[in-house]
Amino acid sequence: MEERYEIRGKIGQGGLGAVYKGYDTRMNREVAIKRISVSTEDPALQEESTRQLIKEAGALASLQHPHIVTVYDVGSDEDGPYVVMELISGKTLDELIEKAPLTWPDFRELALQTQEALIAAQELDLIHSDIKPSNLMLTWLPSGKFQMKVVDFGLATLTQSQSKEELEEMEAVFGSIFFMAPEQFERVPIDARTDLYAMGCVYYQALTGTYPFRGETGNEVMNSHLQHRVIPIQEIRSGIPKWACDWIMWQLNRLPDDRPASARESLQVFLQNDKNPNPTLSLGRATPPPVVGPRAKLLIPGATQSPAHGTRRIVDPRMAPPGYVPPPEPEPEAIPEPPLTTTAPQPLLPPEGSKPSIHTGPQLIPEPEPTPTVQVAPSAMVLPASTIRMIQSRQQKKSGIKVAIAACMGIILVLLGYLLYQRAQDSKESNRVNDILVLATKPANTEIPMSGAEFGQLLELANNADTESKRANAMRALAAADATDTSDFEATASEYITKTAQILPEVRAALIRNVLGKRINAGMVDPLIDFARSTNDFGSAVAAMEAIRPAVGNGQFETLLGVIQFHPNADLRKAAAETAAAIFKRSSNRGELDNALNKAIEESSDSATKEVLGKIKSAQ
């Protein structure tokens, strides 16, 4: 990389490559630098792929839009190609909707901004092809209004391989497969309507907290897309304009011809319907009988309609993706009733410490101060009104100054007392944590009593320690911690380690091995598997797969087979295979496991995957 850019730390790892925080010495600004992973290992093909990538990625710099991350520069050095982009400080949409679904006002703003971004890209014939919540970054303006920016526009298309095997591997990425359009699985040409489908999936999850097309394995999710097994959003989420529910389902039609022709048409229909001041609201339950089988084409008021189409089937079996099963003709499987949204929608608020938003609620107008009542003592002499007002004004000023001084003194004394108390408490807690760290250095101390608050302090210390010895002692203390109150240390540690964004990958992996691995129980297995399947931190994912090995059971066997079949990372697939083999080895009911294993081998088209699955059967 040319001397113009200074690397100042790694931000994260994604499907397209690693992202670093950098500094542009020429323009005096902070930037994000993404190292692009080139799939081929052939030097000649890699050079040509890199040259083509730089040529086409340079065109992305022309895409200047407030809702799309700006590309500043592209280049290549001895480590491969890289793209320099604007550095965004904010949160991804999946981080925000993980806590609660969006309110209607926030969703409306999100829909308007994302559709504007798609319109700008489609004007330049650019397709994203990997739209998902983790590629939508939200930042907050000084007024408190959030601003959405689409990340990695065009880069996914530029780096996709064209071989059948690599396409199959791409399809199985668990972070993307929930938002991929049917045509991406069928390996037919894609266009702007593919991005509209993916954005519709994002909208669905943002309002309901669940994916529109679900499944426990990659094959199940893929078949859900292809067979169009989706529950109308109005049957899950209440309080949303009915036209908006239909508008989202319009994006999710099975056939591209039945979706909006473009983002411009999609946004136009949205704005037309949004003018209705008293729309009918969704009820969150099915009013007609539930939809079964493939969903019919959805017609939207105000939209340009295309000729009617039936559900398209894959005719040529060579074009069918691995595991694809056509929908049954005689008795289509009914879509189960979904649970209602359990978490109440919450408004998107600026980060803690920011000024209150002027967009999230009405502004309070202070009540006018009452006019003081003039009281005149009985007297034979009547003073002029102007003299009376002057005397009262002086008295009020003197009284107000005394009250203000007394109030300030009181506040100062309270604050001083609180600071002294807080300092004493901090000193006491710091001494207690230091004592715990000393106990952790002695191997004989296998159980160290501590409170939930002390356990939390040790987690923070293990994450942010300035020396490796201090981090190691903190981890030993966490592994040996014995609760003196009602705290659930396993749940606390699992939540902190897997969901805290500000943890370096190598530290997260060490925490999983040295803390969660030592405290593992059956209740921690499923959350750690979910973390391993969804994270882009593959080192930590492997650590999680190793940590669950002593506690994993028959119930997780098929999920692990899905990881082996579909996850793109070879190290994680290997770790999942070893964990599945451990289950098979100690199981007393191998017949059921053997059936699942045979089914997975039969569905796999990759010979290497078949071989790995076959080795599990030989575990003794």
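Up top is the structure.
Being a predicted model, the structure only gives us computed values, none of them experimental.

> Mind showing me how you'd approach the overall build of the chain here?
If you tally the helices and strands in the chain, you get 21 helices and 12 strands. By sequence separation, contacts in the chain at least 24 residues apart represent 68% of the contacts at least 6 residues apart. When the accessible surface of the chain is summed, it comes to about 32,400 Å², and 55% of that surface belongs to carbon and sulfur atoms.

> Would you mind showing me how to read the nonpolar core here?
As a rule of thumb, soluble globular proteins bury nonpolar side chains together. In this structure, Phe107, Phe153, Tyr204 and Trp247 are the most contacted members of the largest nonpolar core, which totals 73 residues. If sequence neighbours within four positions are ignored, Phe107 has contacts with Leu102, Tyr203, Leu207 and Ile248. With 61 residues, the next largest nonpolar core counts Met450, Ala481, Leu516 and Ala596 among its residues.

> What is the right way to read a negative patch on the surface from this model?
Together, Glu216, Glu220, Asp526, Glu558 and Glu592 give the surface a local cluster of negative charge. Looking at the secondary structure, you find Asp526 in helix α16 (residues 522-534). According to the relative accessible area criterion, Asp526 is partly exposed, its value standing at 41%.

> Quick question: what am I supposed to make of helix α8 (residues 218-226) here?
Turn by turn, an α-helix covers 3.6 residues, leaving residues three or four places apart pointing in a common direction. Counting buried residues in α8 gives 8 out of 9 residues, a clear majority hidden from the surface. Among the residues of α8, those classed as buried are Gly218, Asn219, Val221, Met222, Asn223, Ser224, His225 and Leu226. His228 sits one or two residues past α8 and shows a positive phi near 55°.

> How do you make sense of the pairing of strand β7 (residues 136-140) when you look at a structure like this?
The two faces of the sheet receive side chains in turn, since in a regular strand these alternate between them. Burial runs high along β7: 5 of the 5 residues are buried. Side-chain alternation along β7 places Leu136, Leu138 and Trp140 on one buried face and Met137 and Thr139 on a second face that is also buried. Bridge count for strand β6 (residues 91-92) against β7 is 2 bridges, and the pairing is antiparallel. Looking at β7, one finds that Lys91 is bridged to Leu138. Relative to strand β8 (residues 146-150), β7 runs antiparallel, the two being bridged by 5 bridges. Within β8, the position partnered with Met137 by the bridge is Lys149. From the end of β7 to the start of β8, which pair antiparallel, there are 5 residues, and Gly144 there has a positive phi angle of about 100°.

> Quick question: what am I supposed to make of the packing of helix α18 (residues 557-566) against helix α19 (residues 570-586) here?
Think of two packed helices as two axes; the pair is described by the angle between the axes and how far apart they sit. Direction vectors running N to C along α18 and α19 enclose 155°, while the axes themselves pass 8 Å from each other. One element, α18, and the other, α19, form an angle in the roughly antiparallel class. Between α18 and α19 lies a crossing of left-handed hand. Packed against α18, whose contacting residues are Phe557, Leu560, Val563 and Ile564, the element α19 presents Leu572, Arg573, Ala576, Ala577, Thr579, Ala580, Ile583 and Phe584 at the interface. Here the contact of α18 with α19 is built from residues that sort into 10 nonpolar, 1 polar and 1 charged.

> Where do I start with the pattern of salt bridges in this structure?
Side chains that differ in charge, positive against negative, can pair when their charged atoms come close. Applying the stated criterion across every chain, the model contains 25 salt bridges. A salt bridge links Asp24 to Arg4, with the shortest nitrogen-to-oxygen separation between them at 2.8 Å. Of this pair, Asp24 sits in strand β2 (residues 17-24) while Arg4 sits in the segment before β1 (5-14); the two residues are 20 residues apart in sequence, bridging distant segments of the chain. Considered together, Asp24 and Arg4 belong to a single accessibility category, that of buried residues. In this structure, Glu109 and Lys145 form a salt bridge, with 3.6 Å as the shortest nitrogen-oxygen distance.

> Could you clarify how one ought to interpret unusual backbone geometry in this entry?
Across residues other than glycine, the phi torsion is negative in most instances, and most of the peptide bonds are trans. Unlike most non-glycine residues, Asp125 shows phi in positive territory, near 60°. Within the secondary structure, Asp125 sits in the loop between α3 (104-123) and β7. Backbone geometry at Arg187 places phi at a positive 60°, although glycine is not the residue there. Among the structural elements, Arg187 can be located in the loop between α6 (182-186) and α7 (192-208).

> I keep staring at the packing of aromatic side chains and nothing clicks. Help me out?
Considering all chains together, one arrives at 12 aromatic pairs under this definition. By way of ring pairs, the aromatic residues Trp104, Phe107, Tyr203, Trp243, Trp247 and Phe270 are connected into one cluster. The ring of Tyr72 is capped by Arg29, whose NZ or CZ atom sits 3.7 Å from the centre of that ring.

> When you look at the side chain of Thr139 in this model, what are you seeing that I'm missing?
Along the chain, Thr139 turns up in strand β7. Not counting the four nearest positions on each side in its chain, Thr139 is found in contact with Ile88, Ser89, Gly90, Lys145, Phe146 and Gln147.

> Honestly, the sheet that holds β6 in this entry has me stumped. Any pointers?
Paired through backbone hydrogen bonds, the strands of a sheet run either parallel or antiparallel to each other. Within the open sheet, the 3 strands sit side by side as β6-β7-β8. Their pairing is antiparallel. Lying at the two open borders of the sheet, with one neighbouring strand each, are β6 and β8. Sitting on the sheet, α3 touches β7 and β8, and the angle it makes with β8 is about 35°.

> I'm lost on a nonpolar patch on the surface in this one. Help?
On the surface, a cluster of nonpolar side chains totalling about 410 Å² of accessible area is made up of Ile401, Ile405, Met409 and Ile412. Along the polypeptide, Ile401 turns up in helix α11 (residues 385-440). For Ile401, a relative accessible area of 53% translates into the label exposed.

> I would appreciate a short explanation of helix α10 (residues 263-274) in the present structure.
Taking 1.5 Å as the rise per residue, α10 with 12 residues should run 16 Å; its terminal C-alpha atoms sit 16 Å apart, in good agreement. Taken as a whole, α10 has its buried residues at Ala263, Glu265, Ser266, Leu267, Val269, Phe270 and Asn273. Where the residues of α10 are buried, they touch α3, α7 and α9 (242-251).

> Could you clarify how one ought to interpret the side chain of Gln251 in this entry?
Position of Gln251 among the secondary structure elements: in helix α9. Of note is the side chain of Gln251, whose polar atom sits 3.0 Å from the side chain of Ser266. Beyond its immediate chain neighbours, meaning those up to four positions away, Gln251 contacts Gln115, Leu196, Tyr197, Gly200, Arg259, Pro260 and Ser266.

> Sorry if this is basic, but what is going on with the packing of α3 against α7 here?
Packing of α3 against α7 brings their axes to within 11 Å, and their N-to-C directions diverge by 165°. The angle between the axes of α3 and α7 places the two elements in the roughly antiparallel class. Handedness of the crossing formed by α3 with α7: right-handed. Within the contact between the two elements, α3 uses Phe107, Ala111, Thr114, Gln115, Leu118 and Gln122 and α7 uses Ala192, Asp195, Leu196, Met199, Tyr203 and Leu207. Its residues assigned to classes, the contact of α3 with α7 shows 8 nonpolar, 3 polar and 1 charged.

> How should I be thinking about the environment of Met180 in this particular structure?
For Met180, the position within the fold is in the loop between α5 (164-171) and α6. Classification of Met180 as buried rests on a relative accessible area of 5%. In sequence terms Met180 and Asp130 are 50 residues apart; their C-alpha atoms lie 7.4 Å from each other.

Cut-offs used in this document
Residues numbered from 1 in each chain as written. Predicted model: local features only at pLDDT ≥ 70, side-chain atom pairs only at ≥ 80, totals over all residues. Heavy atoms only, no water. Helix = DSSP H or I, 4+ residues; strand = E, 2+ residues; numbered from the N terminus. Contact = heavy atoms within 4.5 Å. Areas by Shrake-Rupley, 256 points an atom, 1.4 Å probe, with all protein chains shown as cover. Core = buried A, V, L, I, M, F, W, Y, C linked by side-chain atoms within 4.5 Å. Buried < 20%, exposed > 50% of the residue type's maximum accessible area, 1.4 Å probe, protein only. Patch = residues over 30% accessible without salt bridge, like charges linked within 9 Å, V, L, I, M, F, W, Y side chains within 5 Å. Salt bridge = Lys/Arg side-chain N within 4 Å of Asp/Glu carboxyl O. Lys, Arg positive; Asp, Glu negative; His and termini not counted. Charge placed at Lys NZ, Arg CZ, Asp CG, Glu CD. Pairing = 2+ DSSP bridges. Axes fitted to C-alpha atoms, helices over the stretch in contact; angles between N-to-C directions. Parallel < 35°, antiparallel > 145°, perpendicular 65-115°, else oblique. Left-handed = near helix turned anticlockwise from the far one by under 90°. Nonpolar A, V, L, I, M, F, W, Y, C, P; charged D, E, K, R; others polar. Phe/Tyr/Trp six-rings, centres within 6.5 Å; stacked < 30°, edge-to-face > 60°. Lys NZ or Arg CZ within 6 Å of the ring centre and 35° of its normal. Expected span 1.5 Å × (residues − 1). Polar contact = N/O pair within 3.5 Å; in protein donor to acceptor, adjacent residues only side chain to side chain.

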